[in-house]
Amino acid sequence: MKAFLIDPKNQSITEVDYDNSDYKNIYKLIDCGMFTTVDINKEGDCIYVDDEGLLYIDIKYMFTLDGNRNTSYAGKGLVLGTDSDGESCEPIITLDELKERVTEFWEFA
């Protein structure tokens, strides 16, 4: 299924193919051992981010959402939608809309 990968190290946001047969595939796409979600709209879209992103010194690339560094996230993010049963689905947000909302990539010093 279609998903969007936010990669702050490469300063890119790209469409990727997400294999929803196992939620553990999220770990592989965002390079983490534990994730959490951040709701980004009323339609159920969310960003999966590394829940331990600030605990490790090697994760130092971040991205900012909506021009506010208080909503900055360490490491990669995966954007998926959520259906009425709470299952992952393709996001409603478009790639262009997401690119407008991710306003900054930066390196945590």
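See above for the structure.
These numbers come from a predicted model, not from an experiment.

A.B. asks: Mind laying out the pairing of strand β2 (residues 12–17), listing which residues take part and the relevant values?
C.D. replies: Residues in a regular strand point their side chains to alternate faces of the sheet. When strand β1 (residues 2–7) meets β2, the two strands line up antiparallel, connected through 6 bridges. Bridge pairing links Ala3 to Val16 in β2. Following β1, the chain reverses through 4 residues before pairing antiparallel with β2; Gln11 in that reversal takes a positive phi of roughly 50°.

A.B. asks: Give me the lowdown on unusual backbone geometry, citing residues and values where you can.
C.D. replies: Despite not being glycine, Asp31 shows a phi value in the positive range, around 55°. As for its placement among the helices and strands, Asp31 is situated in the loop between α1 (24–30) and β3 (35–39). On the basis of relative accessible area, Asp31 is assigned to the partly exposed category, the value being 49%. Of note, Asp66 is a non-glycine position whose phi angle comes to about 60°, a positive value. Among the structural elements, Asp66 can be located in the loop between β5 (61–65) and β6 (68–74).

A.B. asks: Describe the sheet that holds β6, with residues and values.
C.D. replies: Reading across the sheet, the 3 strands line up as β6-β5-β9 and stay open at both edges, with antiparallel pairing between neighbours. The open sheet has two edge strands, β6 and β9 (102–107), and neither has a second partner. Here the strands of the sheet are splayed against their neighbours by 30° on average, with no regard to which way each runs. Across 5 bridges, the pairing between β5 and β9 is antiparallel. In the strand pairing of β9, Met62 is matched with Trp106.

A.B. asks: Give me the side chain of Asn25: which residues, what numbers.
C.D. replies: Looking at the secondary structure, you find Asn25 in helix α1. Judged by relative accessible area, which is 14%, Asn25 ranks as buried. Residue contacts for Asn25: discarding those within four places in its chain leaves Tyr18 and Asp19.

A.B. asks: Please set out the environment of Lys60 residue by residue, giving values where relevant.
C.D. replies: Along the chain, Lys60 falls in the loop between β4 (46–50) and β5. A relative accessible area of 33% places Lys60 in the partly exposed class. Residues Lys60 and Trp106, spaced 46 residues apart in sequence, show a C-alpha to C-alpha distance of 8.5 Å. Ignoring any residue separated from it by four or fewer positions in sequence, one finds Lys60 in contact with Trp106, Glu107 and Phe108.

A.B. asks: Talk me through the side chain of Asp45; I want residue IDs and the actual numbers.
C.D. replies: Locating Asp45 in the fold gives a position in the loop between β3 and β4. Salt bridges are absent for the buried Asp45, whose nearest opposite-charge side chain, Arg101, sits at 7.4 Å. Reaching out from Asp45, the side chain makes a polar contact with the backbone nitrogen of Ile93 at a distance of 2.7 Å. With residues near it in sequence (within four places) discarded, Asp45 still touches Val38, Asp39, Ile40, Leu80, Gly81, Pro91, Ile92 and Ile93.

Calculation rules
- Each chain carries its own residue numbering, running from 1 in the written order of its sequence.
- Totals for whole chains, interfaces and linings use every residue, but because this is a predicted model, local features are given only for residues with pLDDT of at least 70 and side-chain atom pairs only at 80 or more, for both listing and counting.
- Excluded from the side-chain calculation are hydrogens and water; included are all heavy atoms of the structure.
- By the convention used here, strands pair only if DSSP detects at least 2 bridges between them.
- Counting from the N terminus, the helices are DSSP H or I runs at least four residues long and the strands are E runs at least two residues long.
- The rule is simple: take the accessible area with a 1.4 Å probe, protein chains only, and divide by the maximum for that residue type; under 20% is buried, over 50% is exposed, in between is partly exposed.
- For helices, the fitted line uses only the C-alpha atoms of the stretch in contact; every axis is such a line through C-alpha atoms, and the angle between N-to-C directions lies from 0 to 180 degrees.
- Contacts are assigned to residue pairs that have any heavy atoms within 4.5 Å of one another.
- Charge assignment: positive for Lys and Arg, negative for Asp and Glu; neither His nor the chain ends contribute.
- A pairing counts as a salt bridge when a side-chain nitrogen of Lys or Arg comes within 4 Å of a carboxyl oxygen of Asp or Glu.
- Pairs of N or O atoms within 3.5 Å make up the polar contacts considered here, provided that, within protein, one atom can donate a hydrogen while the other can accept it, and that residues adjacent in sequence are counted only when both atoms are side-chain atoms.

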